[in-house]
Amino acid sequence: MSPAAEGKMIYEDLKSKFDQNGYVVIKNFLNENETVELKDAGEKLTENVPAGVKTVFATNQTKQVADDYLIDSADKISLFYEKAALDNDGQLLVDASLALNKVGHALHRLHPTFEACTYSDKVTNVCRALGLVKPVVPQSMYIYKNPGVGGEVISHQDSTFLFTEPDSLVGFWIALDDATLENGCLWVIPGSHKTDIHKRLIRNPDKSSAISKTIFQGTYPEYEQSLYVPLAVEKSSLVLIHGKVVHKSEQNKSQYSRHAYTFHVFDEGISQYSEQNWLQSKVGFKPLYIV
């Protein structure tokens, strides 16, 4: 049986659910060994962090996007701290193993464990089931969401940051811990992908600007909180997220971590990746396959 036929058989109704809701949850996407291997790799990234690395990432702030460290992370494995993990002088307030917000954005190319997961048959089967012609991976992240310091991720659309035309962006969010209401699971607005992309983060066309190398265009509307549904999922689950679906997560107020490995694909067979996007790779995007 061909990979395309196998993927279609396993995920027969995946595309219709994704098109209708803008997200799909696939339980037991990874086996136990694969889940443990990814989490072990993520935890090892917290060891021996260079002393000079003190870049904070927080989605409810925009000043971090002016940082060269973020801009240059497209082709690197770069580390970003939680705001709550550092004092005003950049000194750690928590154990170093709990201090990181995320690592990105080229794990899928530069780290063998994450590369193997990203370009696995399991992932390509999902892409085939979604009907993607030439799915490529522009970026990847390991997200920690550690107890106490794991911050809120405000409501957003992923296509704000990775704009393609026409929009074909799909997020792969793999839970490496049980994601619960207490430790900051994802919340989504079903069907919100049928609206427009409300806001974009682009590189500042004013190259002489000393304020920011990136700027936002547009604004997000106010979303009724009653529209959101929680996606509490068990570890090893995959959540597929349409680039335009509105989603968020709350602060981790529990005693348990909520680690996840996430990456995005878009269909280079039908879409153009914007040259205005903040993330620009110097080596291009490797396809999972070409139909």
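In short, a report on the structure. Each chain carries its own residue numbering, running from 1 in the direction its sequence is written. Thresholds applied to this predicted model are a pLDDT of at least 70 for local features of residues and 80 or more for the giving and counting of side-chain atom pairs; totals over whole chains, interfaces and linings are not thresholded and use all residues. Side-chain numbers come from the whole structure's heavy atoms, not from hydrogens or water.

### Topic: the sheet that holds strand 5 (residues 153-156)
- Pairing between two strands is assigned when DSSP locates at least 2 bridges connecting them. For helices the rule is a DSSP run of H or I covering at least 4 residues; for strands it is a run of E covering at least 2, with both sets numbered from the N terminus onward. Reading across from one edge, 5-13-8-11 is the order of the four strands in this open sheet, with antiparallel pairing throughout. Each of the sheet's edge strands pairs with one partner strand only, and the pair in question is strand 5 and strand 11 (229-231). The average undirected angle you get between the axes of adjacent strands in this sheet is 25°.
- As judged from the three bridges shared by strand 8 (residues 186-188) and strand 11, these two strands associate in the antiparallel manner. The axes used here are C-alpha line fits, helices contributing only the stretch in contact, and every angle between their N-to-C directions lies in the interval 0 to 180 degrees.

### Quick notes on a nonpolar patch on the surface
- Residues Val133, Ile270 and Val291 make up a contiguous nonpolar surface patch of about 280 Å² in total accessible area.
- Its place among the elements puts Val133 in the loop between helix 7 (121-129) and strand 4 (135-143).
- For Val133, a relative accessible area of 32% gives the class partly exposed. Residues enter a patch when their relative accessible area is above 30% and they make no salt bridge; the linking distance is 9 Å between like charges and 5 Å between nonpolar side chains (Val, Leu, Ile, Met, Phe, Trp, Tyr). Working definition of accessibility: Shrake-Rupley area with a 1.4 Å probe, residue cover restricted to the visible protein chains. We count a salt bridge whenever a side-chain nitrogen from Lys or Arg sits within 4 Å of a carboxyl oxygen from Asp or Glu. Only protein chains enter the accessibility calculation, which uses a 1.4 Å probe. A residue is then buried if its area is under 20% of the maximum for its type, exposed if over 50%, and partly exposed in between.

### Some details on the nonpolar core
- Ranked by size, the top nonpolar core spans 41 residues in total, and within it Val126, Phe172 and Leu240 carry the most contacts.
- Considering each element in turn, this core owes the most residues, four residues, to helix 7.
- Contacts are assigned to residue pairs with any non-hydrogen atoms lying within 4.5 Å of each other. Beyond its immediate sequence surroundings of up to four residues, Leu240 is in contact with Leu14, Phe18, Gly22, Tyr23, Val24, Ile26, Val126, Leu130, Val170, Gly171 and Phe172. Note on terminology: a nonpolar core comprises buried Ala, Val, Leu, Ile, Met, Phe, Trp, Tyr and Cys residues joined through side-chain atoms within 4.5 Å.

### Brief notes about the pattern of salt bridges
- Across all of its chains, the model carries nine salt bridges by this definition.
- With its nearest N and O atoms 3.3 Å apart, the salt bridge here joins Lys248 to Glu250.

### Topic: helix 3 (residues 32-44)
- The end-to-end C-alpha distance of helix 3 is 18 Å, a good match for the 18 Å that 13 residues give at a rise of 1.5 Å each.
- Residues Thr35, Leu38, Lys39, Ala41 and Gly42 constitute the buried set of helix 3. Angularly, the buried residues of helix 3 cover 160° about the axis, an arc narrow enough to put them on a single face. In helix 3, the exposed positions angled more than 90 degrees off the buried face are occupied by Glu32, Asn33 and Lys44.
- If you follow the buried residues of helix 3, they end up packed against helix 6 (112-118), strand 4, strand 7 (170-175) and strand 14 (260-267).
- Two or three places before Asn33, at the start of helix 3, stands the capping residue Asn31, its side-chain oxygen 3.1 Å from that residue's backbone nitrogen. Expected helix span is taken as 1.5 Å per residue step, with the number of steps being one fewer than the number of residues. Directions are taken from the helix axis to each C-beta atom, and the arc is the one they span. The definition of a polar contact used here is a pair of N or O atoms within 3.5 Å, where within protein one atom must be able to donate a hydrogen and the other to accept one, and adjacent residues in sequence count solely through side-chain atom pairs.

### Some thoughts on the sheet that holds strand 7
- The strand order across the open sheet formed by seven strands is 1-12-7-14-4-3-2, and the pairing between neighbours is antiparallel. For this open sheet the edge positions go to strand 1 (23-26) and strand 2 (77-81), each flanked by a neighbour on one side alone. When the angles between neighbouring strand axes are averaged without regard to direction, this sheet yields 20°.
- Bridging between strand 7 and strand 14 involves six bridges; their strand directions are antiparallel. Within strand 14, the position partnered with Ala175 by the bridge is Ala260.
- Sitting on the sheet, helix 2 (residues 14-21) is in contact with strand 1, strand 7 and strand 12 (238-242), with an inclination near 135° to strand 1.

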